[in-house]
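Given next are the chains, with one letter for each unit.
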Amino acid sequence: QVQLVESGGGLVQAGGSLRLSCVVSGTRVSQNGMGWYRQAPGKQREFVAGIHRGGGTAYIDSVKGRFTMSTDNAKSTVYLQMDNLKPEDTAVYYCAGLEHPPPCTIVNVHSPRTQNAMDHWGKGTQVTVSS
């Protein structure tokens, strides 16, 4: 049914850039709330970026101004453009989707409740940033 497949991770020097892609099948990107999460070794998975069904975006403070999330509905793909990467960004990055998202005005993308409510998850792609 629904499948999310991430790609684009790799090894990059600090200050470099990567663009992650999440190809979505079995559902339309435009009908879902989408999110990017990451998990570093020995740490909890955390929210990185999200886009509401209506198109509004949100980011964790540490990536604001450096990361940009976008979608291409025609290609059924979600992107995370990551610029000026830092060693602290090193983690496995996961794409997630919520098929029946609450209205943008009431959903809190930073909340663990939202993370736990996600219907689908990709397998992740490794991002490693060297100093």
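1. Remarks on the nonpolar core
Ranked by internal contacts, the top residues of the largest apolar core, which has 26 residues, are Met34, Trp36, Met69, Leu80, Met82 and Tyr93. Where this core is concerned, the elements lending two or more residues are strand E3 (18-25), strand E4 (33-39), strand E5 (46-51), strand E7 (67-72), strand E8 (77-82), strand E9 (91-98) and strand E11 (125-130). Sort the elements by how many residues they give to this core and E3 lands first, with 4 residues. Core analysis: the next-biggest nonpolar cluster, separate from the first, contains 7 residues, Tyr37, Phe47, Ala96 and Leu98 among them.

2. Here's the deal with the side chain of Asp89
Among the secondary structure elements, Asp89 is positioned in the loop between E8 and E9. Of note is the side chain of Asp89, whose polar atom sits 3.0 Å from the side chain of Arg38. Once residues lying within four places of it in the same chain are set aside, the contact partners of Asp89 are Arg38, Val63, Arg66, Phe67, Val127 and Val129.

3. Thoughts on the packing of aromatic side chains
A full pass over the atoms with the stated rule returns 2 aromatic pairs. Measuring from centroid to centroid gives 5.7 Å for Tyr37 and Phe47, while their planes differ by 75 degrees, and the two rings are edge-to-face. Of this pair, Tyr37 sits in strand E4 while Phe47 is found in strand E5, placing the two residues 10 residues apart along the sequence. Its relative accessible area of 1% is what places Tyr37 among the buried residues.

The rules behind the values
Residues numbered from 1 in each chain as written. Predicted model: local features only at pLDDT ≥ 70, side-chain atom pairs only at ≥ 80, totals over all residues. Heavy atoms only, no water. Core = buried A, V, L, I, M, F, W, Y, C linked by side-chain atoms within 4.5 Å. Buried < 20%, exposed > 50% of the residue type's maximum accessible area, 1.4 Å probe, protein only. Helix = DSSP H or I, 4+ residues; strand = E, 2+ residues; numbered from the N terminus. Polar contact = N/O pair within 3.5 Å; in protein donor to acceptor, adjacent residues only side chain to side chain. Contact = heavy atoms within 4.5 Å. Phe/Tyr/Trp six-rings, centres within 6.5 Å; stacked < 30°, edge-to-face > 60°.

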